[in-house]
Amino acid sequence: MHTTTDVVVIGAGQAGLSAAYHLRRAGFRNETGFVVLDHGKRPGGAWQYRWPSLRLGKVHGIYDLPGLALGHPDLGKPASEVVSEYFGRFERTFDLPVHRPVEVQSVSREGDRLLVASTLDEWSARAVISATGTWDRPFWPRYPGQETFRGRQLHTAEFQSAEEFRGKHVVVVGGGASGTQLLVEIAEVASGTTWVTRRPPEFHEGDFTQEHGRESVAKVDRRVREGLPPESVVSVTGLVLTPELRKAREQGILDRKPMFERIVPDGVVWADGTKQRADVILWATGFRAALDHLAPLHLRTHGGGIRMDGTRVVDEPRLHLVGYGPSASTVGANRAGRSAVHEIRQLLERQ
Ligand code: FAD
């Protein structure tokens, strides 16, 4: 027994909500026309899980969702609260049929429809928009000796507060925005920090130009068109040298070292035998797209990614991925939601 609807949107982050808004505008009705399934306990997408010291401001900002401005939130409040309140307001304003907490377990083919199995119900849909982001798939690289480490290892996804590291020596792994930001916060209270990255980080003076943004997105777009896994946005854009980062650089905190070779019970060791004693290893090594629910569709190419044309999956045109690859930013997620709905309308009209 399953419920029938035209479109199932999986995920109510920026990308899923943008898609839901455009479905609503295009005349799809709640429940029979579309549903949104989200496994978060409250509105906010991945933002609801981000650490309490993360604020919307200079480094982190979100684009307004379509049709409703964020306004002037209290920037002293954690981003998790601000965004959760904003997304909740958005869902109520447009009366979006969001069901939560509902975990989508799989999407499979059933004749001319797609079957979405979840912890609440099974939906039979004509099209699916998957907007599941990356938060549920933190990426932990593997290094020899990792399991022998006697200190604490954690990923950005588990980070709560720099206070936990007061008086400890912390090795921060990763050269992205989170890695540098957490390094600077932790350095204020830790007895010492060591920063390691695979590649020397590229810093840019001043904000990114629009042209730079477009080039970076185009690079990721080329990769997913070829069916390769998308790269993280920072790996193609580089980092903006904010006043905080410039100060940290002057203080010697951004003294980057190459990756260590192995982990020992009380620290990390480089190929030349140099050792750094450590109490904590923080893996700020990013996230991968959360796509396990799509496994029954067998979409992975030999290159390890999913072949895309815009937001449409080439090997399953009834499925769109939004917030994936080139649209994995708040502005990209907005646009992707609109474009997925535009194509799905055309597909359903042709049927
Ligand atoms: P998410 O916000 O992750 O939403 C995905 C939703 O899908 C979640 O609600 C989740 O519960 C749900 N979901 C996942 N799997 C399932 C399932 N199987 N069943 C049901 N529901 C499911 N971008 C910016 O533009 N500006 C920034 O300042 C910025 N800062 C960032 C800081 C950090 C630390 C990180 C990790 C990312 C940041 N980004 C930023 C990237 C940005 O968060 C994303 O591009 C965008 O917010 C993601 O929106 P989304 O809708 O694609 O995913």
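Keep in mind the model is a prediction, meaning the values are calculated, not measured. (Residues numbered from 1 in each chain as written. Predicted model: local features only at pLDDT ≥ 70, side-chain atom pairs only at ≥ 80, totals over all residues. Heavy atoms only, no water.)

Student: Got a sec to walk through the overall build of the chain? Specific residues and values, please.
Tutor: Across its full length, the chain carries seven helices and 19 strands. Its C-alpha atoms give the chain a radius of gyration of 21 Å, near enough to 20 Å, the size a compact globule of 351 residues would have. Overall, the C-alpha framework of the chain stretches about 65 × 45 × 40 Å when taken along its three principal axes. Sequence separation of 24 or more characterises 69% of the internal contacts of the chain that already satisfy a separation of 6 or more. As displayed, the chain offers around 16700 Å² of accessible surface, 49% of which is attributable to carbon and sulfur atoms. Positive and negative side-chain charges of the chain, numbering 45 and 42 respectively, have mean locations separated by a distance of 1 Å. (Helix = DSSP H or I, 4+ residues; strand = E, 2+ residues; numbered from the N terminus. Rg over C-alpha atoms; globule rule 2.2 N^0.38 Å. Contact = heavy atoms within 4.5 Å. Areas by Shrake-Rupley, 256 points an atom, 1.4 Å probe, with all protein chains shown as cover. Lys, Arg positive; Asp, Glu negative; His and termini not counted. Charge placed at Lys NZ, Arg CZ, Asp CG, Glu CD.)

Student: Would you mind going over the pairing of strand S19 (residues 316–321) in detail, with residue names and values included?
Tutor: Within S19, five of the six residues are buried, which leaves the element mostly enclosed by the surrounding structure. Here three bridges tie strand S6 (residues 122–130) to S19, and the two strands are oriented parallel to one another. Paired with serine 130 across the strands is leucine 321, a residue of S19. Here strand S18 (residues 312–313) pairs with S19 via two bridges, running antiparallel. Paired with arginine 312 across the strands is histidine 320, a residue of S19. Between the end of S18 and the start of S19, which pair antiparallel, lie two residues. (Buried < 20%, exposed > 50% of the residue type's maximum accessible area, 1.4 Å probe, protein only. Pairing = 2+ DSSP bridges.)

Student: I'd like a rundown of the sheet that holds strand S15 (residues 275–277), residues and numbers included.
Tutor: With antiparallel pairing, three strands are arranged side by side in an open sheet as S13-S14-S15. In this open sheet, the two strands that pair with only one neighbour each are strand S13 (262–264) and S15. Mean inter-strand twist for the sheet, computed between neighbouring axes without regard to direction, equals 25°. Bridging between S13 and strand S14 (residues 267–269) involves three bridges; their strand directions are antiparallel. Across the sheet, valine 264 pairs through a bridge with glycine 267, a residue of S14. (Axes fitted to C-alpha atoms, helices over the stretch in contact; angles between N-to-C directions.)

Student: So what's going on with the packing of helix H1 (residues 14–25) against helix H2 (residues 79–93)? Which residues, and what values?
Tutor: Taken N-terminus to C-terminus, the directions of H1 and H2 make an angle of 15°; their axes are 11 Å apart at the nearest point. Considering the angle they form, H1 stands roughly parallel to H2. Of the two elements, H1 crosses H2, and the hand of that crossing is left-handed. Contacts between H1 and H2 involve Gln14, Leu17 and Tyr21 on the former and, on the latter, Phe87, Phe90 and Glu91. Within the contact of H1 with H2, the residues separate by chemical class into four nonpolar, one polar and one charged. (Parallel < 35°, antiparallel > 145°, perpendicular 65-115°, else oblique. Left-handed = near helix turned anticlockwise from the far one by under 90°. Nonpolar A, V, L, I, M, F, W, Y, C, P; charged D, E, K, R; others polar.)

Student: Now, about the sheet that holds strand S12 (residues 256–257): what can you tell me, with residues and values included?
Tutor: With parallel pairing, the five strands of this open sheet are ordered in space as S7-S16-S8-S9-S12. Two strands in the sheet have a free side with no partner beyond their single neighbour: strand S7 (152–155) and S12. Examined bridge by bridge, strand S8 (residues 169–173) and strand S16 (residues 280–283) share four bridges and lie parallel to one another. Each bridged residue has a counterpart across the sheet, and for valine 173 the counterpart in S16 is tryptophan 283.

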